[in-house]
Amino acid sequence: MPAPTSSVSPTRIAVIGAGPAGLMAAEQIANAGLAVEVFDAMPSVARKFLLAGIGGMNITHSEGYEQFVTRYGAEQAQLKPLLDRFTPDQLRNWIHELGIETFVGTSGRVFPTDMKAAPLLRAWLTRLKQHGVVFHQRHRWTGWADCSNSQPDAQPPADCSDLTWQFETRDGSLQRQFDAVVLALGGASWKRLGSDGAWRPWLDASGINSKPLVAANCGFEVNWSDYLKKNFAGAPLKQVALSVRGPDGKTVKRTGEFIISEYGIEGSLVYALSRPIREQLMAGNDPHLCLDWLPNLSMDELQKKLSQPRGKLSFSNWLRKKLKLPAIANTLLRDCVEKFDPNNFQQLAQALKAMPIQPTSTRPVDEAISSAGGLCWDEVNEQLMLKQLPGVFVAGEMIDWEAPTGGYLLTACFATGKAAGLGVVEQSKATLG
Ligand SMILES: Cc1cc2nc3c(=O)[nH]c(=O)nc-3n(C[C@H](O)[C@H](O)[C@H](O)COP(=O)(O)OP(=O)(O)OC[C@H]3O[C@@H](n4cnc5c(N)ncnc54)[C@H](O)[C@@H]3O)c2cc1C
């Protein structure tokens, strides 16, 4: 990273929200020699980033870039130009420059060598402070004084410098004015780590549109029988496949593992399909979620196995011995298949290859790994500046995009943070001449 060209600037610049997106924006601004203050509601910064590191920080993915970009689904058109300026390879180099090595796991996911976020964050914060970034913790932005106190005939703010930013601090409320601000307030999952989505009504009051923040990479509710809940809650289903019919009518099928929980279904395979399942449920449609117990066995092969005599084995034992299925299979067949008859081979084969599971809703957004929805793309220009409030930029999960787990979330947070930070730099250069 180049050393900043000076440490004092006449412009007043703030980043609000010190997660990975906000910190990356602050870094760009400091690198350009501009003074920047970072505000965060919590007593310490980047709490969700640190949590993400607890189970193994998956920071990006090593697959080919063309394939990588497709993971952002419907929002790849908006995100690609930003990712082009901070690709997964550039992200890895940036981590290496902080003195942290990375490795590629068997799945192609990229991790810091020690799997943790804390050493990376420590090195990053040290460098940011050396470059003059000033941090204000326990400073919760609570909206603009101009908006809450506005008279019906008041002029709307022309740009960022017209706004009075209100903060709640330990010493009472604080009002500040800035020439440029990056908002990087995160989504709405894991509220206790700081990002709570409270910003939506404040932007809404200024006519800046956002979509409701909903659960992404999440579990789903299913009405299991009491018997199943009592005896099998927490059971993992391994080497299975799930398929779902998306809103475009196409069926997506993925293999992996997931968990039958007391309230429904959880785990990596469910997260991978959570977008089409959620979109179908929200549209009032049946997502046609089906479980294939034996993805490596064709229907013909399965039927051949099923037609062999069972002898004296109970149905459950026979499923276990002949098909290597766990005890929960028998219970799920009875829970999920209407009028299930173990002696009907046709029905059994069909049920084992495509057992219908009926999710009723997502689990609460607060439990999700990430949230979907957020600030609408048509509210920002290509530098992620709000069109209606020049000088105010946005970055990270608070913008309307989503991605599966696999390092895609953090990569896009960093890339949007970089774009917003560079946007502030360009604007400041233009203002300063
Ligand atoms: C359990 C878990 C594991 C995860 N694992 C991974 C992983 O391995 N790989 C991956 O790519 N992603 C992972 N993620 C997702 C990733 O952590 C997030 O996508 C990312 O942190 C979002 O970054 P952000 O900067 O946009 O927002 P956040 O990290 O949410 O940061 C937003 C910041 O804004 C502050 N803030 C919010 N409102 C205000 C306000 N009004 N005033 C002042 N400050 C405010 C918050 O305190 C917070 O510090 C995981 C998430 C979770 C929950």
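Residues numbered from 1 in each chain as written. Predicted model: local features only at pLDDT ≥ 70, side-chain atom pairs only at ≥ 80, totals over all residues. Heavy atoms only, no water.

Student: Please explain the sheet that holds strand β2 (residues 37-39) as it appears in this structure.
Tutor: Either a parallel or an antiparallel arrangement is found when strands of a sheet pair, and the pairing is made through backbone hydrogen bonds. The strand order across the open sheet built from five strands is β6-β2-β1-β10-β20, with neighbouring strands paired in parallel fashion. Because the sheet does not close on itself, it has two edges, and the strands there are β6 (134-136) and β20 (392-394). On average, adjacent strands in this sheet sit at an angle of 20° to one another, irrespective of strand direction. Where strand β1 (residues 13-16) lies against strand β10 (residues 180-183), four bridges are found, and the strand directions are parallel. In the sheet register, valine 15 faces β10, and the bridge partner there is valine 182. Each of β1, β2, β6 and β10 is contacted by helix α1 (residues 20-31), which is oriented at about 160° to β1, the strand it contacts most. (Pairing = 2+ DSSP bridges. Helix = DSSP H or I, 4+ residues; strand = E, 2+ residues; numbered from the N terminus. Axes fitted to C-alpha atoms, helices over the stretch in contact; angles between N-to-C directions. Contact = heavy atoms within 4.5 Å.)

Student: Would you take a moment to explain the confidence of the model for the protein for this structure?
Tutor: Interpretation of the predicted coordinates at a detailed level should be avoided for regions scoring low in pLDDT. When the pLDDT values of the protein are averaged, the result is 94; 95% of them are 70 or greater. Across residues 3-8 the pLDDT falls below 50, and counting only partners more than four positions away or on other chains, this stretch makes 13 contacts in the model. (pLDDT = per-residue confidence, 0-100.)

Student: Looking at this structure, I do not really get the packing of aromatic side chains. What am I missing?
Tutor: Aromatic ring pairs are defined here through the distance separating the ring centres and the angle between the ring planes. A complete count under the given rule lists 19 aromatic pairs for this structure. Summarising the aromatic geometry, the rings of tryptophan 94 and phenylalanine 414 are spaced 5.3 Å apart at their centres and angled 50° between planes, so their arrangement reads as tilted. Note that tryptophan 94 is positioned in helix α5 (residues 88-97) and phenylalanine 414 in helix α16 (residues 408-432), a separation of 320 residues in sequence. You'll find tryptophan 94 and phenylalanine 414 in the same group, each marked buried. Both rings, one in tryptophan 141 and one in tryptophan 202, keep their centres 5.1 Å apart while their planes meet at 75°; by these two values the pair is edge-to-face. With tryptophan 141 in strand β7 (residues 140-144) and tryptophan 202 in helix α8 (residues 199-205), this residue pair connects regions lying 61 residues apart in the sequence. We classify tryptophan 202 as partly exposed; its relative accessible area is 25%. Feature note: the residues Phe39, Trp141, Trp144, Trp165, Phe167, Phe178 and Trp202 constitute an aromatic cluster, connected by ring pairs. Positioned above the aromatic ring of tyrosine 263, the side-chain terminus of arginine 363 is 3.5 Å from the ring centre. (Phe/Tyr/Trp six-rings, centres within 6.5 Å; stacked < 30°, edge-to-face > 60°. Buried < 20%, exposed > 50% of the residue type's maximum accessible area, 1.4 Å probe, protein only. Lys NZ or Arg CZ within 6 Å of the ring centre and 35° of its normal.)

Student: Just to check I follow, could you spell out unusual backbone geometry for this structure?
Tutor: Most peptide bonds adopt trans geometry, and most residues besides glycine take a negative phi value. At tryptophan 190, a position not held by glycine, the phi torsion is positive, near 50°. Its place among the elements puts tryptophan 190 in the loop between β10 and α8. Judged by its relative accessible area of 25%, tryptophan 190 is partly exposed. Even without a glycine there, the phi angle at histidine 288 is positive, about 50°. Locating histidine 288 in the fold gives a position in the loop between α11 (274-282) and β16 (289-292). By relative accessible area, histidine 288 is classed as partly exposed at 35%.

Student: Help me out: how do you make sense of α16 in this one?
Tutor: Since the α-helix advances by 3.6 residues per turn, residues separated by three or four positions end up pointing in the same direction. Between the first and last C-alpha of α16 there are 36 Å, a value that for 25 residues agrees with the 36 Å anticipated at 1.5 Å per step. Buried residues dominate α16, accounting for 18 of its 25 residues. (Expected span 1.5 Å × (residues − 1).)

Student: Explain the nonpolar core here, please?
Tutor: For soluble globular proteins, the rule of thumb is that nonpolar side chains tend to be buried together. Counting 133 residues, the largest nonpolar core has Trp165, Leu183, Phe258, Trp293 and Leu332 as the members making the most contacts within it. With 11 residues, the top contributor of residues to this core is α16. Residue-level mapping places this core at the junction of two domains, with at least three residues from each of domain 1 (13-214 + 374-432) and domain 2 (220-362). (Core = buried A, V, L, I, M, F, W, Y, C linked by side-chain atoms within 4.5 Å. Domains from an automatic or database assignment.)

Student: Would you mind going over the domain arrangement of the protein with me for this structure?
Tutor: Interfaces are often sized by the accessible area lost when the parts come together. Assigned domains of the protein: these are domain 1 (13-214 + 374-432) and domain 2 (220-362). Relative placement of domain 1 and domain 2: their C-alpha centres are 39 Å apart.

Student: Explain the sheet that holds strand β15 (residues 264-266) to me, please; I cannot follow it from the model alone.
Tutor: Taken in spatial order, the seven strands of this open sheet run β17-β16-β13-β14-β15-β12-β18, and their pairing is antiparallel. Where the open sheet ends on each side, the last strands, each with one partner, are β17 (355-357) and β18 (359-362). For this sheet, the mean angle separating the axes of adjacent strands, direction not counted, is 45°. Relative to strand β14 (residues 251-260), strand β13 (residues 235-245) runs antiparallel, the two sharing nine bridges. By the bridge assignment, proline 236 is partnered in β14 with isoleucine 259. Strand contacts of helix α15 (residues 345-353): β16 and β17, with the helix running at about 105° to β16, the strand carrying the most contacts.

Student: Would you explain the packing of helix α4 (residues 76-84) against α16 in this entry?
Tutor: When two helices pack together, you describe them by how their axes are tilted relative to each other and by the distance separating the axes. Between α4 and α16, the least distance of the axes is 9 Å, while the angle of their chain directions is 75°. Between α4 and α16, the crossing angle belongs to the class labelled roughly perpendicular. Contacts from Leu79, Leu82 and Leu83 of α4 reach α16 at Thr411, Ala412, Ala415, Thr416 and Ala419. Each residue belonging to the contact of α4 with α16 can be placed in one class, and the counts come to six nonpolar, two polar and no charged. (Parallel < 35°, antiparallel > 145°, perpendicular 65-115°, else oblique. Nonpolar A, V, L, I, M, F, W, Y, C, P; charged D, E, K, R; others polar.)

Student: Quick question: what am I supposed to make of the site of the ligand here?
Tutor: Contacts to the ligand come from 31 residues, most closely from Asp40, Asn58, Trp141, Glu397 and Leu410. With respect to the ligand, the backbone of asparagine 58 contributes an N or O atom lying 2.7 Å from a nitrogen atom. Between the ligand and leucine 410 there is a distance of 2.8 Å, counted from an oxygen atom to a backbone nitrogen or oxygen. Summarising the interface, the protein chains cover 94% of the accessible area of the ligand, which totals 1,000 Å² for the free molecule. Mapped onto the shell around the ligand, the elements with two or more residues apiece are α1, α2 (47-52), β7 and α16. Taken together, the residues of the shell around the ligand sort by class into 17 nonpolar, 10 polar and four charged. (Near = heavy atom within 4 Å. Polar contact = N/O pair within 3.5 Å; in protein donor to acceptor, adjacent residues only side chain to side chain. Areas by Shrake-Rupley, 256 points an atom, 1.4 Å probe, with all protein chains shown as cover.)

Student: Sorry, what's going on with the pattern of salt bridges here?
Tutor: Pairing is possible between side chains of opposite charge, provided their charged atoms come close. Applying the stated rule across the entire model yields 16 salt bridges. Put simply, arginine 140 and aspartate 196 hold a salt bridge, and the shortest N to O gap is 3.4 Å. In this pair, arginine 140 is assigned in strand β7 and aspartate 196 in the loop between β10 and α8, connecting sequence segments 56 residues apart. What makes arginine 140 partly exposed here is its relative accessible area of 28%. (Salt bridge = Lys/Arg side-chain N within 4 Å of Asp/Glu carboxyl O.)

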